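Examination of the molecular architecture
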Amino acid sequence: MRIVYLGMLLLFQSAVSSVTEFSVNGEIRNFAVGNGKVFVVTESQLLQMSLDLVEEKRKNIQNHTHQNQVNILLPFDANKTLITCGTSDCGYCELLDINDISRSVYREDVTVGPSVNKSSVSFIVDSDEGRKTYMLVAREKISDHCVSDDGGVSLQNTLESQTGGIFSKSGTDPTEATISPQSDVEQTEWIDGFQSSPPSHSYLLVNVKSRTGPAVVVLRMKNSRSKTEMTRSLQGAVLQCCDDKERKKLLSSSVVLSSGSPLLWAGIFTAQDLNDPQKTALAIYNLSQIRDQVPSYFSCTPPCKAQEGDVLRPLAVVLKHSSMSSVAAEKKGSWIELYIGTANGQLMKIVLDKALNSGCVMVLYKSDDDRMVFPRMLFDSVDHKYIYIALRNQIMRVAVSQCGMYSTLRDCRASQDPSCGWCLNTSKCSTKDECSVSPWISIPEDSFQKELISFQVTEVPTEVTLNLSLNVAEKPPLTCTFMNEDVNLCNSSSGVFPSCSCRFSSQQLPVNVTATVTIGDQKITERLKLRSCPNITETSPYAKCVACVSAGCHWSNSSNQCSWAHSSASQDMCEGLYSESNAPEIFSLEHNQVSFHGKKHSALKGRNLELVEKIRFQGIMECTSKETPVLERSTDTLKFSIPSGNKGTVRVCVVTADGHCHSKAKITYGAQPTCTGLWPNNTWASGKRKITVLGNNLGFVDEVIVHTFQKPITLISNKTFWFHTHDQREYMGSGPFSVSLIVGSSTVDCADKLSYLPDPKFTSFSTSKVDNDVLVTIQKEGDDLNMSKEDVTVWGQKEEEQSECVIDSIKSTALTCRIVGKKGHEIRVNSIKIMVGNLTYTIEMPSNGTKYAYTVVALIVLILLGALVGLYIHRKSKQQMNAQMNERLELLESEIRNEIRQGFVDLQTEKSDLTENVGAIPFLDYKHFALKIFFPEGGPLASLMIKDIGQDAMKIEVDEKCQALSALIRDQMFLTCFIHALEEQKNFIIKDKCVVASLLTVALHDNLPYLTELMEDLLQSLMDLPSNAQPKLMLRRTESIVEKVLTNWMSICLYGFLRESVGQPLFLLVSALTQQISKGPVDAVTEKALYTLNEDWLLWQAQGFNFSHLKLKVLFAVGTEGEVSEPLEVNALSCDTIEQVKEKILQTFQHKFGFPYTQQLREIDIEYEKEGKYVPLEEVDGSSEVQGEVTMLNTLQHYQIPDGACIKVMTKRLHAPLSPQTSVKDDQNFSTKYFHLIDPDINRDESNHPERKKLKLKEIYLTKLLSTKVAVHSFVENLFRSIWGMPNNRAPSAVKYFFDFLDAQAEKKRISDPDVLHIWKTNSLPLRFWVNILKNPNFVFSDLEKTPHLDGCLSVIAQAFMDSFSLTDQQLGKHAPTNKLLYAKDIPLYKQEVKTYYKLVRDQPSVSSQEFKMFLQDESKKHENEFNVSAALRELYKYMNRYFSEIIQKLEEKDASSKLKEEMHRVKDLFEDMKRSAWT
């Protein structure tokens, strides 16, 4: 038993030690290995680690003023330094102590490497037996504000003692030595470089793009003391790959280390087709074959010897694969070992023999996700036992041979890894240096194809000899036994390595033999069925051949006869004889995409499946296949499990009893599923709550396990992934419990846990009639279940009749639903039935007697209140008018003086104490955001365009007519003619243009690259119109379809940037504005406020701001027994109305706890605790002050609420409603019937009551505008800088791409005025997109109420934002609008920042068309199926039908093909047929 445990421990240790990893912050940009250290560069840091990836030192490389990207990282072991070069400050190079990178040895500002995100290659060149060293640098073209050159190859000094000093290009010759691309070369991408060993030549690999097309070029130079001699020796060739298709781009490269002569090199080439399953190819070349020629793509200074073309073809194409990304190679003995990284995060190994034949693929490592392996992989510098790979933010050390995973001699030999062998002394599979004494049995050098044991049968008169051969490289001692059941078969036997023989009488045939070969403690057993070779007969030639070869006999293909053996044979020779008649055939697989963990339950359909015994899975070029048994079968279906595998595609076939595998299907293994969350993350204890699982690759999941209940739960897929919880009442109130996904034979843990809470409790209900419907309000005990409408089903019941009650809302303590009635039919309800999961509740209606008693009491209270109001209204007797006027005149001067002084004090003491704790930011999801941009006016058309969960449109497939129209608009000739024809019609107004643009955006959202191409074409046409002779007016308004398309396109492309970078500052600004406005008095009727940014909304008319600040202790009622929560401190003003106090309570609650209170404002009442009793506080009641026909809203001052008062919040009492109105604001005449701070007679004739009028001057309060600006200023600046800031020193790719497009158009039209470009960019981005977002934050956030006052303040900020982009200086005087004056001093600074932003975007490396196309394709895929494309196409057809003849005419003008016009007629016929069928 101890031996078993020890073996398991050793195997575990081996597995653990084979991979070591280290995670960094940010993406890895480069790494290097040297001097027993590993060096890793990210965007912000340089790390020094030991070889086993233990961090030793860390250096910050960020530059806050200029982007720094370290692009050269070279360990210079001979000098004990690490050379690093970067981009900050127009380029620098620095020597660091190789043992302590925090210590700088030397630094110089010099441009050596490329600019940001450009390719380069660099390495140390040795000459003169290492006494002379240079740094060879090959880089892409640089064109920025620092330097401009064509790139190419240069040699820099590595020592200060060299001529010209360190980092200099100078040499002993007066001419500077360089290699440059020719003028017709458009782009160079440097991939790799190295010097041969011994250091005689230097090599460079580069992708070239010229006018003649792409090419892969290898360059070679002879290392020399003289830089000019070295560049003059340039030779090279074009690398061609491969025979099946052109692959003209190199992804990764590696010299075959220790290959000597000839110099072998391995490269990964790729084709352009993204979906090609053999897109990438790994090829081996002999670089010694490069002749004395230079490819025509490059020239030298001084001039090279020759200028001709040469083509080099591969010695062998080793592997074709869908996604190889990196390669490293090494020669060990006669073997070449290749290590291959893939784009989906795997590290593979392939071994080549002397003839460059490849063995099988071994997977050394696979990541859980699909992160790409970095194009460069490096060996451990000590003994090459490990290889270093990088995956996005992780650096890993992986053992190059994982021999410890093989536990037997047979498995060790079958691995086909020449580095692994069986050590007889230790009885382990190990590397040779771990087995220094005893024999080490490994794969023989001559062939991969031989089995470990082979045998043949020969005949001598009356006897048969069985010869068994062991195919291994060493000569271990061996013994053999040959048994027929329990009897020794042999008359005589012998055993001399590598063979054993057994001679026995031919009379014993046929016989079943068990042959056992013993080597050390390893017993290798083969079971053989021996037959008389000439007498073998079977039903078919194939079966006869298989039986012949299996018996160790010789099969003749020419005669189809079996005879005694004279050479070894393989069953492969029988394949040509196989007949497929009545053979099993696979039609389809239930799961053709699974996780690499496999799948528990799967099925295949086919025919002739009766004889199938098992299913075989064979990875392409993998060492071994895997087989699983048939679990269940029917006539045309087999059920089985899919075993775990490596990422990629495997072949699937079905195996019959003869061992033959029939038919072919494919399964693709993908990444591991992830579970990022559960929604909701709790359930009622009785179970059957729907829990949605959030994550990736959830379609690969078999089942779910909640760790309180070991029985697996099925994960259901219906657009989302969810499961129902089990009844677990014994765990009620405990937990939370972990949740795992079962994936094949493995489990994946969820990030969230699941809690079991008590079942919901419903206590009572009441009903009220609203029109023909019955509104049902159900009271429930408060809980934390946060139930949704999907969780609960309610029915109203009256005797035998039952009606569904459609749920309106669910809160913690109440649920409301509506029974929809019919006109003239009265609905009566005396009980309700509620279903929640497995629970069913029935609640009866309370008796009528109690209701009548409450009604009588209420009437008495109303009568008493009426009497009190009548008494209170009695006024004081009239006083003398003269006395009052004298008093007011005396006070007037004092009031004005005090108000001016107070304004000054506020301005000087104002500080931003606005809270930034706003909880989770409620972003709108993409489709609703896009809808508000596309169709800002909303309406039924907008509602048609999206698919919400549960909406019927989700089930509608795109029918034939819509498919035809969809195909038609994807023809650019048709679509441009369609758009131009519509825009030429006078009755096609601007509103129509915007609608058509947005319909096209929805219809083409799944193909954003095409939409982008269309937009560019239309913009060029727009620029060419005679009406746009003044280029500065371009794109200023939305007066064409393409201008609206541009707005939509910007919104689509910048949504991610908006959420990640701008969303939070915008939300904080809106929150800060709301808080600042509520800090001072706000008139509840007009919404004007003392603190505002907009003069139009300034509250200056109020009669005396005699308010005070109050701190209220607010308690929240919980439960039904009068319990209350802990007090919450809320700031309020004595002049606040009761509704305003409620708003502040709810806002404070959300700011403190990060989530909203369970009830909304209209669902709560508040009471004031006075002398142990609670007094209800109402907006209007019998005590309200009335002036004529206008009533003043009650305030805290009206109720005489003191500082520190205790306020209780409770759910609004439900009465049978006398009217549907729940707030005085619902009154249509609210603004004329009520007033708050502004006297209702302020603008009327005051001759009858002159004492009521105070002299109010608006100008006195203008300082309040400035106070508000100061309070929110930091939020405004943060927002502005998040918009024109550059996260990671890069503008969003869409901005860079479109600005480059505008630059190209200006250059094309020879527009040299920089102001024109500035205006175009401003009109395209800030004016067209950002101002729309600034003024409409409700487009970005859900549940955000944009009041008219808030809109006015945002308009002031938006104006300041646009002024920052203006090229004209404003001349402002005392009569200028206050919204211009507020930010007058800030605008010049903002303008400078905007100019810097535009310059940084211009200088940023261009986004390639392919890169941007991939970005657009990702955006399309990310939001596929979110829009109702059919609805958009049907609406577009209405326009096509309306202007059909005009579109046809336009097509004829453009000489469109007749096929296009025929297709247009066909679309029309399809839609018309649909109408006719609908009529009939």
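So, here is what we can say about the structure in this document. (Residues numbered from 1 in each chain as written. Predicted model: local features only at pLDDT ≥ 70, side-chain atom pairs only at ≥ 80, totals over all residues. Heavy atoms only, no water.)

It is worth spelling out the pattern of salt bridges at this point. For the structure shown, the criterion picks out 48 salt bridges. Linking E229 and R232 is a salt bridge whose minimum nitrogen-to-oxygen distance equals 2.5 Å. Of this pair, E229 and R232 are both found in helix α2 (residues 227–232), three residues apart, which corresponds to roughly one turn of the helix. The closest approach of N and O atoms between D783 and K780, which form a salt bridge, is 2.8 Å. Through salt bridges with shared partners, a single network forms among K332, E337, K349 and D417. (Salt bridge = Lys/Arg side-chain N within 4 Å of Asp/Glu carboxyl O. Helix = DSSP H or I, 4+ residues; strand = E, 2+ residues; numbered from the N terminus.)

A separate point is the state of the cysteines. Considering all chains together, one arrives at 12 disulfides under this definition. A sulfur-sulfur distance of 1.7 Å marks the disulfide that ties C241 to C242. Residue C241 is classed as buried on the basis of its relative accessible area of 4%. The disulfide bridge from C412 ends at C429, spanning 2.1 Å between sulfur atoms. Residues C412 and C429 are joined by a disulfide whose S-S torsion is about 65°; by sign, that bridge is right-handed. Of this pair, C412 sits in helix α3 (residues 409–414) while C429 sits in strand β34 (residues 428–430), and the two are 17 residues apart along the sequence. Assigned by exposure class, C412 and C429 land together as buried. (Disulfide = S-S within 2.5 Å. Buried < 20%, exposed > 50% of the residue type's maximum accessible area, 1.4 Å probe, protein only.)

What follows concerns helix α14 (residues 1138–1153). For α14, spanning 16 residues, the distance from its first C-alpha to its last is 23 Å, which sits close to the expected 22 Å at 1.5 Å a residue. Looking at α14, one finds that the buried residues are I1138, E1139, Q1140, V1141, K1142, K1144, I1145, L1146 and F1149. Against α13 (1041–1079), β71 (1109–1118), β73 (1128–1133), β74 (1164–1170), β75 (1173–1177) and β78 (1206–1211) lie the buried residues of α14. (Expected span 1.5 Å × (residues − 1). Contact = heavy atoms within 4.5 Å.)

The next thing to look at is helix α10 (residues 972–983). For α10, with 12 residues, the first-to-last C-alpha span of 16 Å sits near the 16 Å given by 1.5 Å per residue. The set of residues buried in α10 consists of Q972, F974, L975, T976, C977, F978, I979, A981 and L982. The distance from a side-chain oxygen at the start of α10 to the backbone nitrogen of M973 is 3.0 Å, and the residue carrying that oxygen is D971. (Polar contact = N/O pair within 3.5 Å; in protein donor to acceptor, adjacent residues only side chain to side chain.)

Right, let's get into the packing of aromatic side chains. A complete count under the given rule lists 42 aromatic pairs for this structure. Aromatic side chains F1280 and Y1390 sit 5.4 Å apart centroid to centroid with 75° between the ring planes, which places their arrangement in the edge-to-face category. Remark: Y1390 occurs in helix α22 (residues 1387–1403) and F1280 occurs in helix α16 (residues 1263–1283); sequence separation between them is 110 residues. Accessibility expressed as a relative area gives 1% for Y1390, which makes it buried. Here the aromatic rings of W1284 and F1365 are separated by 5.8 Å at their centres, their planes lie at 65°, and the arrangement is edge-to-face. Of this pair, W1284 sits in the loop between α16 and α17 (1293–1308) while F1365 is found in the loop between α20 (1348–1363) and α21 (1378–1382), placing the two residues 81 residues apart along the sequence. Judged by relative accessible area, W1284 falls into the buried class, the value being 6%. Members of the aromatic cluster, connected to one another through ring pairs, are F1280, W1284, F1299, F1361, F1365, Y1390, Y1397 and Y1398. A cation over a ring is seen here: K961 above F1471, with NZ or CZ 6.0 Å from the ring centre. Its guanidinium or amino end placed over the ring of Y1383, K1269 lies 5.1 Å from that ring's centre, counting from NZ or CZ. (Phe/Tyr/Trp six-rings, centres within 6.5 Å; stacked < 30°, edge-to-face > 60°. Lys NZ or Arg CZ within 6 Å of the ring centre and 35° of its normal.)

Moving on: the pairing of strand β57 (residues 690–696). Taken together, the five bridges between strand β55 (residues 674–679) and β57 define a ladder with antiparallel strand orientation. Considered in β57, the bridge of C675 is made with G695. One ladder, built from four bridges, connects β57 with strand β61 (residues 720–724); its direction is antiparallel. Considered in β61, the bridge of I691 is made with F723. (Pairing = 2+ DSSP bridges.)

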